[in-house]
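Residue-level structural notes
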Amino acid sequence: DVKVTQSSRYLVKRTGEKVFLECVQDMDHENMFWYRQDPGLGLRLIYFSYDVKMKEKGDIPEGYSVSREKKERFSLILESASTNQTSMYLCASSSRPAGAVDTQYFGPGTRLTVL
Amino acid sequence: QKEVEQNSGPLSVPEGAIASLNCTYSDRGSQSFFWYRQYSGKSPELIMSIYSNGDKEDGRFTAQLNKASQYVSLLIRDSQPSDSATYLCAVMRNNDMRFGAGTRLTVKP
């Protein structure tokens, strides 16, 4: 079974703090993704990575950065947290078999509250 | 127009009935289609995938795809209270996956 883990289930931070959210997958997947999920807005892609040290902006990258130093680990960084970044953050991973696409598997999510 | 549209619901059905969830998408080049189930406070979990026109059945679940109409649906037969959740439709082209906002389903005992 695919396993995607996230460092925290719940996190409370103050405005202006630097926040690190970590995601680890154990299936040797090439692709990793960070989403945020808000009521009525669904899942919105923040950043993704197709390989180590590679990153691409998603639909809402502003206020976020990412790091992928190892294949199994993808970190999301909020440089200076703001209240509008209060959300559920979901990490996902997928493989990229030759000539095919694979679906994404999600971690348990981190509910971040910024006060 | 949103890329993937779903009726937000809530959709309420009695236990034992068929629940029908619908999704439309705008990108005609979409190649792969998925249904995820998300319980409250939990992360999405994959329940069905479909890649070609027609029906695909897996237990009580049937996914239906009509690429000409840009429409994908999920039928849940013999609905159970444990099926109460939000169902997300996802559409993929190459490695780009887009999600609908989800339909909330309630199955009443």
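None of the values given here were measured: they were computed from a predicted structure.

**Considerations on the packing of aromatic side chains**
Enumeration according to the criterion identifies 11 aromatic pairs over all chains in this entry. Here F106 of chain A and Y36 of chain B contribute two aromatic rings whose centre-to-centre distance is 5.5 Å and whose plane-to-plane angle is 85°, an arrangement assigned as edge-to-face. Residue F106 of chain A is located in strand β10 (residues 105-106), and its partner Y36 of chain B is located in strand β4 (residues 32-38); the two belong to separate chains. An angle of 70° between the planes, with centres 5.8 Å apart, marks the rings of F106 of chain A and F99 of chain B as edge-to-face. With one member in each of two chains, F106 of chain A in strand β10 and F99 of chain B in strand β10 (residues 96-99) form a pair that bridges those chains. Here the aromatic residues F33, Y35, F48, Y50 and F106 of chain A together with Y36 and F99 of chain B are joined through ring pairs into a cluster of three or more. Positioned over the ring face of F61 of chain B is R60 of chain B, at 5.6 Å from the centre of the ring.

**Some words on the environment of Y64 of chain A**
All names here are of chain A. Position of Y64 among the secondary structure elements: in strand β7 (residues 64-70). On a C-alpha basis, the gap between Y64 and K13 in space is 15 Å, while along the polypeptide they are 51 residues apart. Not counting residues within four places of it along the chain, the set of residues in contact with Y64 comprises R36, I46, Y47, L76, I77, L78, Q85 and Y89. One polar contact links Y64 to R36, side chain to side chain, over a distance of 3.0 Å.

**Thoughts on the interface of chain A and chain B**
Facing the 22 residues of chain A at the interface are 18 residues of chain B. When chain A packs against chain B, the two sides together hide about 1500 Å² of surface, and 51% of this comes from carbon and sulfur. At the junction of chain A with chain B, the criterion picks out 1 salt bridge. D59 of chain A is the salt-bridge partner of R98 of chain B, the closest N and O atoms lying 2.4 Å from each other. Across the chain A-chain B interface, the total number found is 5 residue pairs in polar contact (both at pLDDT 80 or more). Looking at the side of chain A that touches chain B, the elements that each hand over two or more residues are β4 (31-38), β5 (42-49) and β9 (87-94) of chain A. In terms of residue count, β4 of chain A provides more of the side of chain A that touches chain B than any other element does, 4 residues in total. Of the residues assigned to the side of chain A that touches chain B, the class counts are 10 nonpolar, 8 polar and 4 charged.

**Some details on the nonpolar core**
Core analysis: the largest hydrophobic core is formed by 23 residues, its most contacted members being W35, V72, L74, I76 and Y87 of chain B. Elements with a contribution of two residues or more to this core: β3 (19-25), β4, β5 (45-50), β7 (61-66), β8 (71-76), β9 (85-93) and β11 (103-108) of chain B. Apart from residues no more than four positions distant in its own chain, Y87 of chain B is found in contact with Q6, L21, W35, Y36, R37, I47, L74, I76, G102, T103 and L105 of chain B. Listed in part, the 20 residues of the second largest apolar core include V19, I46, L76 and A81 of chain A.

**Focus: the state of the cysteines**
Following the criterion strictly, the structure yields 2 disulfides over all chains and no others. Paired by a disulfide, C23 of chain A and C91 of chain A hold their sulfur atoms 1.9 Å apart. Judged by the torsion about the S-S bond (-75°), the C23 of chain A/C91 of chain A disulfide is left-handed. Separated by 68 residues along the polypeptide, C23 of chain A in strand β3 (residues 19-25) and C91 of chain A in strand β9 bring together distant segments of the chain. For the pair C23 of chain A and C91 of chain A, a shared accessibility class is recorded, and that class is buried. Note on cysteine connectivity: C23 of chain B is disulfide-linked to C89 of chain B, with sulfurs 2.1 Å apart. Looking down the S-S bond of the C23 of chain B and C89 of chain B bridge, the torsion is -70°, so its handedness is left-handed. Of this pair, C23 of chain B sits in strand β3 while C89 of chain B sits in strand β9; the two residues are 66 residues apart in sequence, bridging distant segments of the chain. No difference in accessibility class separates C23 of chain B from C89 of chain B, as the two residues are buried.

What counts as what
- Residues numbered from 1 in each chain as written.
- Chains lettered and ligands numbered in written order.
- Predicted model: local features only at pLDDT ≥ 70, side-chain atom pairs only at ≥ 80, totals over all residues.
- Heavy atoms only, no water.
- Phe/Tyr/Trp six-rings, centres within 6.5 Å; stacked < 30°, edge-to-face > 60°.
- Helix = DSSP H or I, 4+ residues; strand = E, 2+ residues; numbered from the N terminus.
- Lys NZ or Arg CZ within 6 Å of the ring centre and 35° of its normal.
- Contact = heavy atoms within 4.5 Å.
- Polar contact = N/O pair within 3.5 Å; in protein donor to acceptor, adjacent residues only side chain to side chain.
- Buried area = accessible area lost by both parts, 1.4 Å probe.
- Salt bridge = Lys/Arg side-chain N within 4 Å of Asp/Glu carboxyl O.
- Nonpolar A, V, L, I, M, F, W, Y, C, P; charged D, E, K, R; others polar.
- Core = buried A, V, L, I, M, F, W, Y, C linked by side-chain atoms within 4.5 Å.
- Buried < 20%, exposed > 50% of the residue type's maximum accessible area, 1.4 Å probe, protein only.
- Disulfide = S-S within 2.5 Å.

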